Amino acid sequence: MKNIWIHDDVRKRQGTTPALQQEVICLYEWAKTCRVKRPLSPDDPALILDLRAYPHPAIQQELIWYALSQILCRDIYWENIVKHHLYYYPRFTVFLAEAFPSGLPTLRSLRDEDIERFAAQYPNDTRKKLATIFLRTCRHDLCTFFDGRSPFDQDIWELNRFHLPAYRINRNTALKTFSFEGIPSEHNKVLVKRFVEYKFLHTELAKGTIYTHLQHLRAITRMLGATPLEQMTAGCVERLLPELSAQKAINEHLYTLRDFFETGITLGLWKDAPFSITPFLRMRSYQLRADRISDFVLQQIFEGLDALPHTSALLFLVLYYTGMRFTEASTLKIGCIHQNHGDYILRFYQTKMRKECLNPIPQHLYTLLLEQQQRILKKSPEATWLLPRPNGTPYHDYTLRKDMDAMIASRQIKNADGTPFHFHAHMLRHTFAMRLIQNDIPLATVQRLLHHASPEMTLCYAQIDEETKKRRYLEFCQKIHPERKTLPPQEQAVDDEMRWMHHVIHQILPNGFCSLPTELGVCPHANACLFCSSFYTTKDFLPVLRYQREKIRMLKKMQTTIPPRMQQVDERLEELIHALEGEDAHDASSC
């Protein structure tokens, strides 16, 4: 990746470089730092910046700065800089010459508000439209970075100045600046800036997370108006709740507010939070909803996969076969696929855990990715990304979602119940995890494939929804009563997991569980639970089992002749206890 400059560096270099003080400038030396789709020629007309038609030297210097900032401060192809920025320079010159043949004697800067008034006087045609686009983008950058204030005091922050490490940057987003313009109170604006600056400099949060915090605080300050944030009360929050409800993220806004007050304490802005957010939090069920794609929908998607753009189709397959997060899949680099003794491996960097990871992939996916790599290198030998957009940057999630939505709409893909199917990329990670769990892959293996830090994270992803549990229960019942095709109405109506489990389990025993379902009626085995195939127990019952063993042994000492059944119970208890006490034993149902 090229060395990215910040705009202040460009301004300093511009003032100390004689070649940049001319009216006709060749940009070749600076353009060489850009990535190119074809070799750069010094004779390329796009490299010549002719500013002789502009009425004032200050405007010339502003246009030079704008051109250099696009070249040096952006990691994009030279051809895209020409197309989206330098393309407008000669057209803007023609526009000025034709619209104002006598010149602009009062205009001294493109930051001058008069220039928009002058542009509005010109007839509305294509030339005016092009000039207006150029003015809007150029003037915005000029006003932001030439306003004379310190970077902290500016309302738009350039993120490059924080020099964030790579693991805190999501390359799939075009987030280059933070804007504080929507905060009405200058006092609150300073407080929010202090909060954001602290998060950048003293935490490891990704810039996307910090930006979400900024959005939450910006929304809250708009609702507060001139009220200082540190003077908020519980009554203020109560008045804001209806508006926060419209945001559909009440808890997220409140958690950000709590984080803001805690950060203020750390910075010494106040001694304590003005109120507690706990009473205002909405109660939620934090059980993960495994929002996976059903087999019914997957079959339809695979049938229409050829209708997707090539890169989108490849991304879909990578996500489906590896369970990677979208940001990991879209930033796969050239050279990430490997073959080793018949195994096909995908190597990638996981930004969330900050480590290199390996995932196995099927042979046909390896072949497709190898062909893609050869195609990219043939087009651009210095390319970085395996699955890039046309401009060479990593794929955006909204691009995949847009392509998928178009394909889904054209093929009228629906859920099994006829409702519309809505796609988002993370569904494929859930689908991958659930596919592994339902095929009895050990949780430890699933954890390694998903690259989770703890087994608890894997258990969350591996939750099986209630319909799957009930279906498996019905399959179990059908082994005993093959004529059963559906669950009884009273069991279908129970949605809560614990209530349903309590409903279908016949009884909880003192030393374990009986798995015989309610429909079988009274247990036919009397008190022979320890020797019954439907008996299960866990470590939680160890104290009871040990107590029962001691009671049996005391009874044996009192007997002159030990009954065979007592001996069998003693041996069975010993067997269960030994299994439960083992380091790797989670239950004794297999004994």
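Residues numbered from 1 in each chain as written. Predicted model: local features only at pLDDT ≥ 70, side-chain atom pairs only at ≥ 80, totals over all residues. Heavy atoms only, no water.

### As for the overall build of the chain
Working step 1: Summing up its helical and strand segments, the chain has 24 helices and 10 strands in all.
Working step 2: By sequence separation, contacts in the chain at least 24 residues apart represent 63% of the contacts at least 6 residues apart.
Working step 3: Accessible surface, the chain as shown: approximately 32300 Å² in total, 54% of it carbon and sulfur. (Helix = DSSP H or I, 4+ residues; strand = E, 2+ residues; numbered from the N terminus. Contact = heavy atoms within 4.5 Å. Areas by Shrake-Rupley, 256 points an atom, 1.4 Å probe, with all protein chains shown as cover.)

### Considerations on unusual backbone geometry
Working step 1: Even without being a glycine, histidine 341 presents a positive backbone phi close to 55°.
Working step 2: Assignment of secondary structure puts histidine 341 in the loop between β5 (337-340) and β6 (343-350).
Working step 3: Assessed through its relative accessible area of 77%, histidine 341 is described here as exposed.
Working step 4: With a phi angle near 55°, glutamine 412 is a residue other than glycine that sits in the positive phi range. (Buried < 20%, exposed > 50% of the residue type's maximum accessible area, 1.4 Å probe, protein only.)

### Description of a positive patch on the surface
Working step 1: Taken together, the side chains of Lys37, Arg38, Lys83 and Lys379 define a basic patch exposed on the protein surface.
Working step 2: As for its position among the elements, arginine 38 is in the loop between α2 (28-31) and β2 (48-50).
Working step 3: Since its relative accessible area comes to 56%, arginine 38 is described here as exposed. (Patch = residues over 30% accessible without salt bridge, like charges linked within 9 Å, V, L, I, M, F, W, Y side chains within 5 Å. Salt bridge = Lys/Arg side-chain N within 4 Å of Asp/Glu carboxyl O. Lys, Arg positive; Asp, Glu negative; His and termini not counted. Charge placed at Lys NZ, Arg CZ, Asp CG, Glu CD.)

### Focus on the environment of isoleucine 437
Working step 1: Its place among the elements puts isoleucine 437 in helix α17 (residues 427-438).
Working step 2: When its relative accessible area of 13% is taken as the criterion, isoleucine 437 is described as buried.
Working step 3: Once the C-alpha coordinates of isoleucine 437 and leucine 459 are considered, the two residues, 22 residues apart in sequence, prove to be 9.8 Å apart.

### Remarks on helix α3 (residues 57-72)
Think of an α-helix as turning once every 3.6 residues; residues three or four places apart then point the same way.
Working step 1: An ideal rise of 1.5 Å per residue puts 22 Å on 16 residues; α3 measures up with 22 Å between its terminal C-alpha atoms.
Working step 2: The element α3 is extensively covered by neighbouring structure, given that 13 of its 16 residues are classed as buried. (Expected span 1.5 Å × (residues − 1).)

### Considering the nonpolar core
Working step 1: The biggest cluster of nonpolar side chains holds 41 residues, and the ones touching the most others in it are Ile301 and Phe316.
Working step 2: At the level of secondary structure, the elements contributing two or more residues to this core comprise α12 (295-303), α13 (310-322), α14 (326-330), β6, α15 (363-379), α16 (397-411) and α17.
Working step 3: Here the element with the most residues in this core is α13; it accounts for 8 residues.
Working step 4: What phenylalanine 316 contacts, discounting residues up to four positions off in sequence, is Leu298, Ile301, Phe302, Leu305, Met404, Phe423 and Leu428.
Working step 5: In terms of nonpolar packing, the next biggest core, distinct from the first, is built from 37 residues, Trp157, Val192, Cys236 and Ile277 among them. (Core = buried A, V, L, I, M, F, W, Y, C linked by side-chain atoms within 4.5 Å.)

### Quick word on the confidence of the model for the chain
Working step 1: Mean pLDDT over the chain: 77, with 73% of residues reaching 70 or higher.
Working step 2: When mean pLDDT is taken per element in the chain, α13 scores highest with 94 and helix α22 (residues 497-504) scores lowest with 43.
Working step 3: In the model, residues 583-591 has pLDDT below 50 throughout and makes 15 contacts with residues more than four positions away in sequence or in other chains. (pLDDT = per-residue confidence, 0-100.)

### Details of the packing of helix α23 (residues 542-558) against helix α24 (residues 564-581)
Working step 1: Where α23 meets α24, the closest approach of the two axes is 10 Å, and the angle between their N-to-C directions is 150°. Our classification of the angle between α23 and α24 gives roughly antiparallel. Here α23 runs over α24; the crossing is left-handed. Taken together, the residues of α24 that come into contact with α23 (itself represented by Leu542, Leu545, Arg546, Gln548, Arg549, Ile552, Arg553, Leu555 and Lys556) are Met566, Gln567, Val569, Asp570, Leu573, Glu574, Leu576, Ile577, Leu580 and Glu581. (Axes fitted to C-alpha atoms, helices over the stretch in contact; angles between N-to-C directions. Parallel < 35°, antiparallel > 145°, perpendicular 65-115°, else oblique. Left-handed = near helix turned anticlockwise from the far one by under 90°.)

### So, the sheet that holds strand β7 (residues 355-360)
The strands making up a sheet are joined through hydrogen bonds of the backbone, oriented either antiparallel or parallel.
Working step 1: One open sheet holds the 3 strands; their spatial order is β5-β6-β7, and the pairing between them is antiparallel. Both outer strands of the open sheet, β5 and β7, are each paired with one neighbouring strand and no more. Within the sheet, the average angular offset between the axes of one strand and its neighbour, ignoring direction, is 35°.
Working step 2: Relative to β7, β6 is paired through 6 bridges, and the arrangement is antiparallel. The residue bridging phenylalanine 348 from the neighbouring strand is cysteine 357, located in β7. (Pairing = 2+ DSSP bridges.)

### Concerning the pairing of β5
Both faces of the sheet carry side chains from a regular strand, because those side chains alternate between them.
Working step 1: Inspection of the sheet shows β5 paired to β6 by 4 bridges, in the antiparallel sense. Paired with isoleucine 337 across the bridge in β6 is leucine 346.
Working step 2: In textbook terms, the turn of a hairpin is the stretch between consecutive antiparallel strands, and for β5 and β6 this stretch comprises 2 residues, one of which, histidine 341, has a positive phi near 55°.

### Description of the side chain of glutamate 62
Working step 1: With respect to the element layout, glutamate 62 can be found in helix α3.
Working step 2: Its relative accessible area of 5% is what places glutamate 62 among the buried residues.
Working step 3: Those residues in contact with glutamate 62 that lie beyond four places of it in its chain are Ser109, Leu110, Arg111 and Leu142.

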